[in-house]
There are 4 protein chains.
Amino acid sequence: MTTRIAVAGASGYAGGELLRLLLGHPQVEIGTLTGHSNAGERLGGLQPHLLPLADRVLEPTTAEALAGHDVVFLALPHGQSGALAAALGGDVVVVDCGADHRLEDPAAWEAFYGGDHHGAWPYGLPELPGQRARLAGATRVAVPGCYPTVSSLALVPALAAGLVAPDVVVVAASGTSGAGKAAKPHLLGSEVLGNASAYGVGGVHRHTPEIVQNLTRVAGAPVGVSFTPVLVPMSRGILATCSAPLAGEVGAADARAAYQKAYDDEPFVHLLPEGQWPQTQSVTGSNAVHLQVTVDAAAGRLVAVGAVDNLAKGTAGAAVQSMNLALGLDETLGLTTVGVAP
Amino acid sequence: MTTRIAVAGASGYAGGELLRLLLGHPQVEIGTLTGHSNAGERLGGLQPHLLPLADRVLEPTTAEALAGHDVVFLALPHGQSGALAAALGGDVVVVDCGADHRLEDPAAWEAFYGGDHHGAWPYGLPELPGQRARLAGATRVAVPGCYPTVSSLALVPALAAGLVAPDVVVVAASGTSGAGKAAKPHLLGSEVLGNASAYGVGGVHRHTPEIVQNLTRVAGAPVGVSFTPVLVPMSRGILATCSAPLAGEVGAADARAAYQKAYDDEPFVHLLPEGQWPQTQSVTGSNAVHLQVTVDAAAGRLVAVGAVDNLAKGTAGAAVQSMNLALGLDETLGLTTVGVAP
Amino acid sequence: MTTRIAVAGASGYAGGELLRLLLGHPQVEIGTLTGHSNAGERLGGLQPHLLPLADRVLEPTTAEALAGHDVVFLALPHGQSGALAAALGGDVVVVDCGADHRLEDPAAWEAFYGGDHHGAWPYGLPELPGQRARLAGATRVAVPGCYPTVSSLALVPALAAGLVAPDVVVVAASGTSGAGKAAKPHLLGSEVLGNASAYGVGGVHRHTPEIVQNLTRVAGAPVGVSFTPVLVPMSRGILATCSAPLAGEVGAADARAAYQKAYDDEPFVHLLPEGQWPQTQSVTGSNAVHLQVTVDAAAGRLVAVGAVDNLAKGTAGAAVQSMNLALGLDETLGLTTVGVAP
Amino acid sequence: MTTRIAVAGASGYAGGELLRLLLGHPQVEIGTLTGHSNAGERLGGLQPHLLPLADRVLEPTTAEALAGHDVVFLALPHGQSGALAAALGGDVVVVDCGADHRLEDPAAWEAFYGGDHHGAWPYGLPELPGQRARLAGATRVAVPGCYPTVSSLALVPALAAGLVAPDVVVVAASGTSGAGKAAKPHLLGSEVLGNASAYGVGGVHRHTPEIVQNLTRVAGAPVGVSFTPVLVPMSRGILATCSAPLAGEVGAADARAAYQKAYDDEPFVHLLPEGQWPQTQSVTGSNAVHLQVTVDAAAGRLVAVGAVDNLAKGTAGAAVQSMNLALGLDETLGLTTVGVAP
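- Per an unreviewed UniProt entry, chain A carries the name N-acetyl-gamma-glutamyl-phosphate reductase and comes from Nocardioides taihuensis.
- Under the Sequence similarities (unreviewed entry) heading, UniProt states for chain A: "Belongs to the NAGSA dehydrogenase family. Type 1 subfamily."
- Under the heading Subcellular location (unreviewed entry), UniProt records this for chain A: "Cytoplasm".

Description of the interface of chain C and chain B
Thinking step 1. Of the residues lining the interface, 19 residues belong to chain C; the matching set on chain B comes to 19 residues.
Thinking step 2. Summing the contributions of chain C and of chain B, the shared interface buries around 1,400 Å²; its carbon and sulfur component is 62%.
Thinking step 3. On the chain C side of the contact with chain B, L188, S190 and L193 of chain C bury the most area, a combined 41% of that side's loss.
Thinking step 4. At the boundary of chain C and chain B, one finds 0 salt bridges.
Thinking step 5. At the junction of chain C and chain B, the tally comes to 8 residue pairs in polar contact (both at pLDDT 80 or more).
Thinking step 6. Of all the elements, helix 8 (residues 189-192) of chain C adds the most residues to the side of chain C that touches chain B, at 4 residues.

Some points on the relation of the copies chain A and chain B
Thinking step 1. Superposing chain A onto chain B requires a rotation of 180 degrees together with a translation of 0.0 Å along the rotation axis, leaving an RMSD of 0.0 Å. Expressed as a symmetry operation, the mapping of one chain copy onto the other fits a two-fold axis. Closest approach to the rotation axis within chain A is made by the C-alpha atom of P233 of chain A, at a distance of 2.9 Å.
Thinking step 2. When you check the interface residues of chain A against chain B, 100% turn up at the interface there too, and the contact is symmetric in its surfaces.

Description of the UniProt feature "active site" (unreviewed entry) in chain A
Residues and elements named next belong to chain A.
Thinking step 1. Here the UniProt-annotated "active site" (unreviewed entry) positions come out as C146.
Thinking step 2. Along the chain, C146 turns up in helix 7 (residues 146-160).
Thinking step 3. What makes C146 buried here is its relative accessible area of 10%.
Thinking step 4. Not counting the four nearest positions on each side in its chain, C146 is found in contact with H207, I238, N310 and G314.

Some thoughts on the relation of the copies chain C and chain B
Thinking step 1. If you rotate chain C by 180 degrees and push it 0.0 Å along the axis, it lands on chain B with an RMSD of 0.0 Å.
Thinking step 2. Here 100% of the interface residues in chain C have copies in chain B that are interface residues too; the copies meet face to matching face.

A look at the packing of helix 1 (residues 13-22) of chain B against helix 11 (residues 312-327) of chain B
Residues and elements named next belong to chain B.
Thinking step 1. Axis separation between helix 1 and helix 11 bottoms out at 9 Å; the angle between their running directions is 50 degrees. Here helix 1 is positioned oblique relative to helix 11, judged by the angle of their axes. The two elements helix 1 and helix 11 meet at a crossing, and its hand is right-handed. Counted together, A14, E17, L18, L21 and L22 of helix 1 and A312, T315, A316, G317, A319 and V320 of helix 11 form the full contact between these two elements.
Thinking step 2. Classifying every residue of the contact of helix 1 with helix 11 gives 8 nonpolar, 2 polar and 1 charged.

Conventions adopted
Residues numbered from 1 in each chain as written. Chains lettered and ligands numbered in written order. Predicted model: local features only at pLDDT ≥ 70, side-chain atom pairs only at ≥ 80, totals over all residues. Heavy atoms only, no water. UniProt positions renumbered as here; feature names shortened; annotations may be inferred. Contact = heavy atoms within 4.5 Å. Buried area = accessible area lost by both parts, 1.4 Å probe. Salt bridge = Lys/Arg side-chain N within 4 Å of Asp/Glu carboxyl O. Polar contact = N/O pair within 3.5 Å; in protein donor to acceptor, adjacent residues only side chain to side chain. Helix = DSSP H or I, 4+ residues; strand = E, 2+ residues; numbered from the N terminus. Least-squares fit on C-alpha atoms with pLDDT ≥ 70 in both. Buried < 20%, exposed > 50% of the residue type's maximum accessible area, 1.4 Å probe, protein only. Axes fitted to C-alpha atoms, helices over the stretch in contact; angles between N-to-C directions. Parallel < 35°, antiparallel > 145°, perpendicular 65-115°, else oblique. Left-handed = near helix turned anticlockwise from the far one by under 90°. Nonpolar A, V, L, I, M, F, W, Y, C, P; charged D, E, K, R; others polar.

This is the structure in structure tokens:
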């Protein structure tokens, strides 16, 4: 049986990556594709890497255009998914790659995004404790942000096992595609080549409350999160360096054991062998998350590093994985743990 | 009056940057250049960007070849500078870009480098409290490591002013040139392009004890340092994201005031205007350090970010600056605060 | 029915890409993997992106280790495939990614490679006229060089149709992975970042006689080839700008018609719509070749531009495509025309 | 005596590079800086690498704001310099980095730019035969385009000496900064990283008639120029691969002799030793042009490769060099042949 899907926002990076993955999904038929300013254009001019869809023409992003599909993926600016989802009806599976339905706390939404809060949907990170069950059969899914995905996976086992105090520091080097395809001067090639720059420093990045939410849930206590994203000269990939003060006597073996226990059965989260550290190149294009953890006894901190492809497992891969769970399919369909390197 | 200088290790990246800067120094005459495996070769084949020196031929790195200069710069692997400096005599100014004489604690040397410790020389970071005076008239200078330079400058004002607890986290994105010119597979272009990777994680990087030493001196108490370097796809530059828990009620204005007080008179350390964050491109080729600081009240941390060119202010620029001080010249001679961007 | 394959040279870039593709091939079982200096090591430490094969251990590259497979892929330095192939027996399909059996002319082999010439095998570029038939049922295949693949595909239709004189100029910008994984100073990240450099200029690059051979066959007359490769700061991809003097009155529409006729039925060679020019990012990781052609009337030249992933269609993809043909499978099995972008 | 200069268009890449160079010029005082959409802003927010000018505020680009300077540099979109220059008066030296006054042929202007042609000014490439004399004492200078600079210098000696037929092919790999700072989607970091792309193919790039003009002047006959620019993932630099059919029996030594004769006395054009090929990294930030030439006997072509920094010698360096000549200063003042590498 084939699932008929539509993608709203097919001209952007998240939309393009969704289509790249869905073209390889064995049980999916790609239906309507929509755009905003690009409506009426051939996809081949906008996403020339998606050769099999080159002659598709984008329709405007309306509920009418998106009707008649089993699953609708939304890859839109925040603030647009609530009304669209409502118009699509409750039996359509809506997978939202945007931020609208990630945060449970209206105050956090208000503080970081502003405007009305439309409530939280099942959160598309099945590797978090208890989360996989919530996604089974869901008709609404909020795909996590890319930074929260890797940061949460890198820190949850330590917090859940009580190895660290609830006070974490995350510094994440990121490629440029996470910032999207809208032309902004600071994202020009000339500006990002040969350049590393911090932004959203001091707790103001919008992914901060989402990391807090994920970590607080497993820690059972409010978790302080100091999060700094750093833009580096690559297109894809996030490398998150995460640390927290040790809670008592904890050795590297204890840390390793907690991460093994947490992820040994996970198809996409991979704890590297001791001594091997993650690199983003290894997960390019794949749904895998590579992790490593150690203990810095002198500094009294646990340090975990995670690598993820922000567009794949960080966005579109998580969306497809969530769709699989929502539809009762094999969770790994259409996804791979093989990266494109070098 | 002209100072006659020699450079040992002229074929490497640090040696090349020294020569680039010294070619622009108005009171310097470039004498002997030495190499190890490249002795006998034209510099033009090894450092084609140094056109005025293209026809110079490298001599072997011996005390004889280096004799007869006022200043000798050593850009050599660690372990080689002690004996060479002894053979050059006490009246020659020796500026060591290597690690041999940075650490005061023999135990730290032993733990991180191994082999005999040869004692500490005046430390070439004049912007640290009290350090400029120690460099005036010195005949031996230990040039700081690149990571310790930017990390220390980013954290010292906060620690010195008691704004933070002595327990810091530094995650530093770095270009590849800091790893040198020796051909190693993980440094190949194919490996570093499109790739961010952590290394030396968990307190094992050799720059860790140097950061500890610098910070402990100003904090007046042992400082815990969690340091993680991250290799990113650019040739030059380090962007260090540094943070520490606030010690009591500290606001962003307090933090800013401490950094202004520390650096307002410094010719090379520049606190950016509020809201503007450092980027490495702005300091490429320059001796400037760009800093910004803020307070993340929700996370309870002070966050400071610094950008430096690892080869310039991070190595060769500091060496020239130290030479100027040692010789009683204007500290800024031959150095610039203008970067090569984009 | 499953084909059991082995890969000799599994630790290099070509070997890694072969395994990446073969992991997605529905009718292949991956058997022995061999290495030279890396024999005895886990693949996970050498090719961390190939997660499903992480625990495989490399065997030494010997005929014994490679025996017992249906297909053996050789990704070895030139000069090593002849003896190995002979030892494997005539019924094993041997697909050689190296240069040993590409050139038909012993004099050309001697001039560009030196040493004994071992004769030419069926050439794994089925898109050349008459070539597909030679690959059907073959037990020996010589995979083309990456530059010859894209250069030939970009020029053959014009030469075959007599639109241009047999005197071509090819300048090809290439990523670094084509130079392999052996650590050489000029391939270090610090050297290739921010750098474009020509090499093998003046007809001395080893791919030159292979381009001559391909073009001469279709032109029916000796073709002069001026070929210059240019190394640019990216890991994968070749963009070849190819031109030749017009032979008489030829318009852009004539050119376009010739290319459409040549490639309209080809699954992997794609002539872009008028006005859209190829870019390497669009073919990253894919087996597609993107082409465009025009006529520069003022200069009197036809200009064709082609983009290819040097590791995929330029090496490993062509190897898999050739294997499919040799075994009588669907030519496109395990291959895609979808690139990983951005 | 100090020359007082103004820069119109100080917020762009050419304007920024002009200021970087002029900050190091010993006889220049930097006066008014103007911008268009950025008028009223601090330069420090727009060009953070120009630390000594950080507190300067941009004025609107008007003749009034630019009045009262000895030299006015124009770094503006084409079409704006004629009227501005007229308003500034004939005794002010106006150095135009734009295209308005480069082309002598009104028909070529009309075909490639459109709109009224305002005549040609002395052309700021003193290394062309006879050109240095035209710049001495000039009050109007048209700075060459970046591609024409390197292409002309790479081909002129061969054409002037009659070594080649007047029928050249130029393929030039270029960094992104040549495309300017206006935010366009195809120039985003995500689009240019990992990507090589041809544009302006088939003789339609605006620098084509300028190359034709330069080459035709020395060849004494119309020169056919097939020019293709290729965008590659670096910020600065152009590597031009240039070739032409040999005119009779010409050996590599003949070619080399012609280039030596042409450039041996030039301070900025450097023919590399035999066997060493140009790379853009070597000229980053410098006014040097690195050249190499050889003969491909099999293909019957002379091949010359040139490297230049498009922003430095390709634009702002040529502007400063031309100003020096116009004012009767030492031609090399404020310029360097030392690159910033790696």
